[in-house]
There are 4 protein chains.
Amino acid sequence: MQTKRTDLAVEIRESFPEDDVELKGVILKEKQVKDTGIHISTVQITNQRGAKAMGKPKGHYITVESEELEYMKKEHREILVQTISRYLNLLASREQLKENGVVLVVGLGNREATPDSVGPRVVDQLVITRHLRSEYGESFSKEYSLKTLAAIAPGVTGQTGMEVVEILKGIVSQMKPDLIVVVDALAARSVERLNRTIQITDTGICPGSGVGNHRKALNKETLGVPVVAVGVPTVVDAATIVSDYLEEAFLEEGLSQKELKDFFDQIWESRKKSGKTDLIVTPKNMDEAVQNIADVLSDAINDSFAFFEDS
Amino acid sequence: MQTKRTDLAVEIRESFPEDDVELKGVILKEKQVKDTGIHISTVQITNQRGAKAMGKPKGHYITVESEELEYMKKEHREILVQTISRYLNLLASREQLKENGVVLVVGLGNREATPDSVGPRVVDQLVITRHLRSEYGESFSKEYSLKTLAAIAPGVTGQTGMEVVEILKGIVSQMKPDLIVVVDALAARSVERLNRTIQITDTGICPGSGVGNHRKALNKETLGVPVVAVGVPTVVDAATIVSDYLEEAFLEEGLSQKELKDFFDQIWESRKKSGKTDLIVTPKNMDEAVQNIADVLSDAINDSFAFFEDS
Amino acid sequence: MQTKRTDLAVEIRESFPEDDVELKGVILKEKQVKDTGIHISTVQITNQRGAKAMGKPKGHYITVESEELEYMKKEHREILVQTISRYLNLLASREQLKENGVVLVVGLGNREATPDSVGPRVVDQLVITRHLRSEYGESFSKEYSLKTLAAIAPGVTGQTGMEVVEILKGIVSQMKPDLIVVVDALAARSVERLNRTIQITDTGICPGSGVGNHRKALNKETLGVPVVAVGVPTVVDAATIVSDYLEEAFLEEGLSQKELKDFFDQIWESRKKSGKTDLIVTPKNMDEAVQNIADVLSDAINDSFAFFEDS
Amino acid sequence: MQTKRTDLAVEIRESFPEDDVELKGVILKEKQVKDTGIHISTVQITNQRGAKAMGKPKGHYITVESEELEYMKKEHREILVQTISRYLNLLASREQLKENGVVLVVGLGNREATPDSVGPRVVDQLVITRHLRSEYGESFSKEYSLKTLAAIAPGVTGQTGMEVVEILKGIVSQMKPDLIVVVDALAARSVERLNRTIQITDTGICPGSGVGNHRKALNKETLGVPVVAVGVPTVVDAATIVSDYLEEAFLEEGLSQKELKDFFDQIWESRKKSGKTDLIVTPKNMDEAVQNIADVLSDAINDSFAFFEDS
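Quick caveat, the model's predicted, so the values are computed rather than measured. (Residues numbered from 1 in each chain as written. Chains lettered and ligands numbered in written order. Predicted model: local features only at pLDDT ≥ 70, side-chain atom pairs only at ≥ 80, totals over all residues. Heavy atoms only, no water.)

### So, the overall build of chain A
Okay, so step 1: Summing up its helical and strand segments, chain A has 12 helices and 9 strands in all.
Okay, so step 2: Carbon and sulfur atoms provide 48% of the accessible area of chain A, an area that totals close to 13300 Å². (Helix = DSSP H or I, 4+ residues; strand = E, 2+ residues; numbered from the N terminus. Areas by Shrake-Rupley, 256 points an atom, 1.4 Å probe, with all protein chains shown as cover.)

### Side note on the pattern of salt bridges
Okay, so step 1: This model, assessed by the stated rule, comprises 33 salt bridges over all chains.
Okay, so step 2: Across the salt bridge formed by D:E112 and A:R111, the nearest N and O atoms sit 4.0 Å from each other. Of this pair, D:E112 sits in the loop between β4 (102-107) and α4 (118-124) while A:R111 sits in the loop between β4 (102-107) and α4 (118-124), each in a different chain.
Okay, so step 3: Judged by relative accessible area, A:R111 falls into the partly exposed class, the value being 26%.
Okay, so step 4: Two residues, D:D299 and D:R77, come together in a salt bridge whose shortest N-O distance is 3.2 Å. In this pair, D:D299 sits in helix α12 (residues 286-305) while D:R77 sits in helix α3 (residues 74-94), placing the two residues 222 residues apart along the sequence.
Okay, so step 5: Residue class for D:D299 comes out partly exposed when judged on its relative accessible area of 31%.
Okay, so step 6: Here the salt bridges do not stand alone but share partners, grouping A:E11, A:E14, A:E65 and A:R193 into one network. (Salt bridge = Lys/Arg side-chain N within 4 Å of Asp/Glu carboxyl O. Buried < 20%, exposed > 50% of the residue type's maximum accessible area, 1.4 Å probe, protein only.)

### Side note on the relation of the copies chain A and chain D
Okay, so step 1: Under the fitted operation, chain A is carried onto chain D by 0.0 Å of movement along the axis and a turn of 180°, and the coordinates agree to an RMSD of 0.0 Å. Here the transformation between the copies is reduced to the relation of a two-fold axis. Using C-alpha coordinates, one finds that chain A approaches the rotation axis most closely at A:G170, a distance of 1.8 Å.
Okay, so step 2: When the interface residues of chain A are mapped onto chain D, 100% of them again fall at the interface, so both copies present the same face. (Least-squares fit on C-alpha atoms with pLDDT ≥ 70 in both. Contact = heavy atoms within 4.5 Å.)

### Topic: helix α8 (residues 164-175) of chain B
All names here are of chain B.
Okay, so step 1: Taking 1.5 Å per residue as the helical rise, α8 with its 12 residues ought to reach 16 Å, and the 16 Å between its terminal C-alpha atoms agrees with that figure.
Okay, so step 2: Across the 12 residues that make up α8, a large majority, 9, are buried.
Okay, so step 3: Within α8 the residues assigned to the buried category are V164, V165, E166, I167, L168, G170, I171, V172 and M175.
Okay, so step 4: Among the residues trailing α8, K176 stands out with phi positive, at a value near 45°. (Expected span 1.5 Å × (residues − 1).)

### Overview of the side chain of C:N302
Residues and elements named next belong to chain C.
Okay, so step 1: Here N302 lies in helix α12 (residues 286-305).
Okay, so step 2: When its relative accessible area of 8% is taken as the criterion, N302 is described as buried.
Okay, so step 3: Once residues within four sequence positions are removed from consideration, N302 is found in contact with Q125, L126, V127, L149 and F307.

### Quick word on the interface of chain A and chain D
Okay, so step 1: Each side of the interface is counted separately: chain A has 27 residues, and chain D has 27 residues.
Okay, so step 2: Carbon and sulfur atoms supply 54% of the area that chain A and chain D bury against each other, a total of about 2100 Å² over both sides.
Okay, so step 3: Three residues, A:M162, A:E166 and A:Q174, lead the burial of chain A against chain D; their summed loss comes to 23% of the area buried on that side.
Okay, so step 4: At the surface where chain A touches chain D, the tally comes to 3 salt bridges.
Okay, so step 5: Across the pair D:E166 and A:R130 runs a salt bridge, and its minimum N-O distance is 2.7 Å.
Okay, so step 6: Counting across the chain A and chain D interface gives 6 residue pairs in polar contact (both at pLDDT 80 or more).
Okay, so step 7: Every element with two or more residues in the side of chain A that touches chain D is listed here: α5 (130-136), β5 (148-152), α7 (157-160) and α8 (164-175) of chain A.
Okay, so step 8: Tallying contributions element by element places α8(A) first for the side of chain A that touches chain D, with 8 residues.
Okay, so step 9: For the side of chain A that touches chain D, a count of residues per class yields 10 nonpolar, 9 polar and 8 charged. (Buried area = accessible area lost by both parts, 1.4 Å probe. Polar contact = N/O pair within 3.5 Å; in protein donor to acceptor, adjacent residues only side chain to side chain. Nonpolar A, V, L, I, M, F, W, Y, C, P; charged D, E, K, R; others polar.)

### Some details on the pairing of strand β2 (residues 38-45) of chain D
Residues and elements named next belong to chain D.
Okay, so step 1: Counting buried positions along β2 yields 6 of 8 residues, so the element is predominantly enclosed.
Okay, so step 2: Pairing geometry for strand β1 (residues 26-33) and β2, over 8 bridges, is antiparallel. Looking across to β2, one finds that Q32 is bridged to H39.
Okay, so step 3: Where β2 lies against strand β3 (residues 59-65), 7 bridges are found, and the strand directions are antiparallel. Counted as the bridge partner of H39 is E65 from β3. (Pairing = 2+ DSSP bridges.)

### Things to note about the packing of aromatic side chains
Okay, so step 1: Counted by the stated rule, this structure contains 8 aromatic pairs over all chains.
Okay, so step 2: Here the aromatic rings of B:F140 and B:Y144 are separated by 4.9 Å at their centres, their planes lie at 45°, and the arrangement is tilted.
Okay, so step 3: Exposure remark for B:F140: the relative accessible area of 24% places this residue in the partly exposed category.
Okay, so step 4: Through pairs of rings, three or more aromatic residues link up here, namely A:Y136, A:F140 and A:Y144. (Phe/Tyr/Trp six-rings, centres within 6.5 Å; stacked < 30°, edge-to-face > 60°.)

### Examining a negative patch on the surface
All names here are of chain A.
Okay, so step 1: Together, E78, E99, D303 and E309 line one region of the surface with negative charge.
Okay, so step 2: Structurally, E78 can be placed in helix α3 (residues 74-94).
Okay, so step 3: Residue class for E78 comes out partly exposed when judged on its relative accessible area of 37%. (Patch = residues over 30% accessible without salt bridge, like charges linked within 9 Å, V, L, I, M, F, W, Y side chains within 5 Å. Lys, Arg positive; Asp, Glu negative; His and termini not counted. Charge placed at Lys NZ, Arg CZ, Asp CG, Glu CD.)

### As for the packing of α8(B) against helix α8 (residues 164-175) of chain C
Okay, so step 1: At a closest axis distance of 7 Å, the pairing of α8(B) and α8(C) adopts a crossing angle of 125°. With respect to α8(C), the element α8(B) is oriented oblique. Where α8(B) crosses over α8(C), the handedness of that crossing is right-handed. Facing B:E166, B:I167, B:K169, B:G170, B:I171, B:S173, B:Q174 and B:M175 of α8(B), the residues of α8(C) in contact are C:E166, C:I167, C:K169, C:G170, C:I171, C:S173, C:Q174 and C:M175. (Axes fitted to C-alpha atoms, helices over the stretch in contact; angles between N-to-C directions. Parallel < 35°, antiparallel > 145°, perpendicular 65-115°, else oblique. Left-handed = near helix turned anticlockwise from the far one by under 90°.)

### Description of the packing of helix α3 (residues 74-94) of chain B against helix α12 (residues 286-305) of chain B
All names here are of chain B.
Okay, so step 1: Between α3 and α12, the least distance of the axes is 8 Å, while the angle of their chain directions is 50°. Taken together, the axis directions place α3 and α12 in an arrangement best described as oblique. As for how α3 packs across α12, the hand of that crossing is right-handed. Across the interface between the two elements, R77, L80, V81, I84, S85, L88, N89 and A92 of α3 pack against D295, V296, L297, D299, A300, I301, D303, S304 and F305 of α12.
Okay, so step 2: Residues that form the contact of α3 with α12 fall into these classes: 10 nonpolar, 3 polar and 4 charged.

### Side note on unusual backbone geometry
Okay, so step 1: Its identity is not glycine, yet C:Q96 carries a phi of approximately 70°, on the positive side.
Okay, so step 2: What makes C:Q96 exposed here is its relative accessible area of 64%.
Okay, so step 3: One non-glycine residue, D:D35, lies in the positive phi region at around 60°.
Okay, so step 4: With respect to the helices and strands, the residue D:D35 is situated in the loop between β1 and β2.

### Observations concerning the confidence of the model for chain A
Residue and element names in this part refer to chain A.
Okay, so step 1: With 83% of its residues at a pLDDT of 70 or more, chain A has an overall mean of 85.
Okay, so step 2: When the criterion is pLDDT under 50, residues 208-214 qualifies, and its contacts beyond four places in sequence or with other chains add up to 14 contacts.
Okay, so step 3: Prediction confidence for the complex, expressed as pTM and ipTM, is 0.87 and 0.87 respectively. (pLDDT = per-residue confidence, 0-100.)

### Here's the deal with the environment of D:D303
All names here are of chain D.
Okay, so step 1: Within the secondary structure layout, D303 lies in helix α12.
Okay, so step 2: On the accessibility criterion, D303 (37% relative accessible area) is partly exposed.
Okay, so step 3: For the pair D303 and N89, spaced 214 residues apart in the sequence, the C-alpha separation amounts to 9.5 Å.

### Details of the pairing of β5(A)
Okay, so step 1: Most of β5(A) is tucked away, with 5 of its 5 residues classed as buried.
Okay, so step 2: Side-chain alternation along β5(A) places A:T148, A:A150 and A:I152 on one buried face and A:L149 and A:A151 on a second face that is also buried.

### A closer look at the side chain of C:T83
Residue and element names in this part refer to chain C.
Okay, so step 1: Counting through the fold element by element, T83 comes out in helix α3 (residues 74-94).
Okay, so step 2: By relative accessible area, T83 is classed as buried at 2%.
Okay, so step 3: Setting aside chain neighbours within four positions, we find T83 in contact with V33, I40 and V64.

### Things to note about the environment of A:L194
Residue and element names in this part refer to chain A.
Okay, so step 1: With respect to the helices and strands, L194 occurs in the loop between β6 (179-188) and β7 (197-201).
Okay, so step 2: For L194, a relative accessible area of 6% puts it in the buried group.
Okay, so step 3: Between the C-alpha atoms of L194 and V235, which are 41 residues apart in sequence, the distance is 6.5 Å.
Okay, so step 4: Residues contacting L194, with those up to four places away along its chain left out, are A188, P233, T234, V235, V236, V281, T282 and P283.

### Things to note about the environment of B:E138
Okay, so step 1: Within the secondary structure layout, B:E138 lies in helix α6 (residues 138-143).
Okay, so step 2: Each C-alpha atom, one on B:E138 and one on B:E288, is 39 Å from the other, the two residues being 150 residues apart in sequence.

See below:
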């Protein structure tokens, strides 16, 4: 079912038919934060069989979902930020990040293309602290409880002429971070998940895979440093939404799963032939929605990696 | 066939079955500018029968289409600007605009929502001249061949709390323009038309109709001044693209027009039930594409209404 | 001492020599909000003699100053917002604004020129409610404790070809607000006041007077509705800063006030001759500083005019 | 005369008293492009004596000045672009850049701070070609006469936590450019030079030196690759403008150069004491002026390094 493109592990997991539920090598756990509309799913891929079935590398994929941010209460937003921050800390400590370790946040994507701008927008709002130690001294950093945070928004290949992995390898060789946190826009399968979902994973990222470009992966193998990837679904592929509408219509008509699949494959083929593969579906208020989720995410990253907790 | 939402008269005309070609009250003419990729369609609705069939008021609807602006040659872009400018002048003179008449350009839409920002972006790039006469004197205006151009981007109701028609009535009562040119983003039926098509009409406009909100019309009846409307398709409704894909798939399967229509209606109903009516389809490079078409359109309006032709 | 241009009543008051302290017709009161760095000055001009001495119309001029917003604690920022909101409510109720009255906020200035963009930025962040009553009904407005707020950022004359007073007269005639709140950037005399000072007055405003353009006034006489003006100093005139530096240097040299004044007048003349009158002085981080003060001000206006207080 | 901060070699040269004209080790040549308002000055520092006198490293400093871009004729603007492009090519070929060499443009500065954003704005408008060869093949690059251009806008230390030299060393080690072109905002001494002057030099650059921060130099020694630096004066230091006004006033009073110098030094000291060292002077229309010069400069760089000349 190729037409339903998604970068969210939880959506891939959902797409398996009922009788595959006992899928070997893939463990799914779900959790609610009571009375807040916040929902957490953890997909763990434990072996190669699971990795093959899911089309994703082994590791943990944590998905935090909330209501639409635009209408969220302040208290619930605060809990959302804390929840995301907690999972970031969890994955970071699993990767052996020490309290005084250097974290480099990489905001992927094109700041001039709204649905792809979530990474640069997050970087714009981080509290950068790495340079303060040398500028103002150790005691300054202590007084303000500063950790060591650096960040860059390197731009996309069309803007730089360079692969992101090329730029990052160079920077890593110079400044030697202990952990890299990569932030990127993703494609989701369901429009309900746009701009209110965050996926955190310890497997790194394949930039641009969310919207059709396969660049070289960013992970421990390519960069030599553990990579935690934070992804935000901001678009749905146009072919996916066609499937969505069709499913609703067809299910009422009583078509079988097999018939549906054949039909989708046929659309996908016809679409490839006509070259219409770069259309995306977004909500009308996308500019605002992307800014809202970038605000939440930068708050969470600041909480995790810019400051020590008050004690 | 409600699901195929479009604000372009030429697309409504195209959607009629072959045997309706002799449609009474609707005249269609087509023209190419040789070797430039520029195509001009004129739909004239001459009587009430045509107006009812088309779902549009009587009047002229001129559609100028080009290749993708991103890849257009400089010379062709220049011809495109001149073509649009010529049709603007044509409709303006039909509305009795004199050489020294005052033109007010109104850029509708929300500058904070990229696909809806084409109106404000055009206004930002106009050469405003109305105030120069009083500031620098008649001879200054003569020396630089200045006409009398004013403009405003009033914002959308969600930003102002006011209907656009309310704001414009007030401004018109004060500054008494001889012609209003309204610029707005439209919805198209076909993704091929996005960001490379301009519709010019002497019938005024119904702001927001392109994306689902019916506000009060802006035309000679409501404003007391002739209104030329310039529309730029920047989005396709998500339901429309579903129909597009389906048509391709179904036609290969040999379904009849009637069966197709029933199927679309069914999708539309299911979609309304689930509340998913505010999704739009755009190209990935929308930010850039919207700016390119706004550049062309502001050049054309400046040529028509800011300056007298060099002689 | 023309060279020291300021739009702040409190700075004009400060500039009078010591022995004028008993200035008839001008009452100055000062107040601190304890332990917050917030300082409030109220200048009241009670008669024509005071108006002439100050070069400002009769009325109240409230100036709220704080520390640099960039480094302000959250709690202090909250108190600052409440303080501004309280004075807005105070002046509004003096102008007989009823609880259910309609307030129109006008964001003056050019959103494309950073130091002049504070008005449009404030408007962008208001919670606009006027249209919700008709869209969702009275009970909706009640449930969410909504007052009736509308807003517009009309642009500057160079962008519209129209005087602001012309645009506003038209809008007022249509939507009939009970109170207008005008927000504009000002010029200050002291760089210490930039982007951390707000002046609120019940005398209306003379747009552009802060940076050299005298347009028609916006006040009860011209608009027929009470006008509360909120001004934010974002620039210092270049001539003013020259005076500042000189004063420091000269005072150490022991020059008299008279000698200083003569010297300033001479600089001013030489400057006018050379045509250098459109230079401004700003802090390097102006973009950020202007956004910070716009955030504070929009929060305060929302508290005052978008929502009823929780009870 | 410390108070007159400038990054322009030509301004330093101008500041020497008349009787130093035969300054050893500094050669000044001047040239006009007839009837265009374009003026070119070349300062060549040939030995250590000249370097010490000028406070600048040995090398060539070419300054291209024009009228205000806002009012420049199209033909003159085109000649300006060609002039800058020609000098870029000249310095590049002196640095042994071959026709098929890889050029990396680095846009220094903070895109969120208007006067410091000229570097990132230039990068945004370059025609990036380095990746096209591998994506579309050699024949594609040949057909469109493409050279090999890459670019990055790395951000400032406050945004990244890293020194620019640190980031660039890493990138250079990975992508191995043959020439680096660094674009940065400068401080000028004279307000007349703002946003209409471009300095091109083969000596590299000291980022931030224009506005008070001394970071590590970017030149052949630190990066291992020849560095051509392009600088655009966008601000005048506030202390400098004080000197400017004073000079006019004092000269009329008949003060000697020595007396003037003493006075300036005194102002500078008093200013340092009061901590007012981060104020800048700009024209009111800075946002527009900075964009105009960035447009010119990106056109010139594209002409030099993105495309082979048509033949």
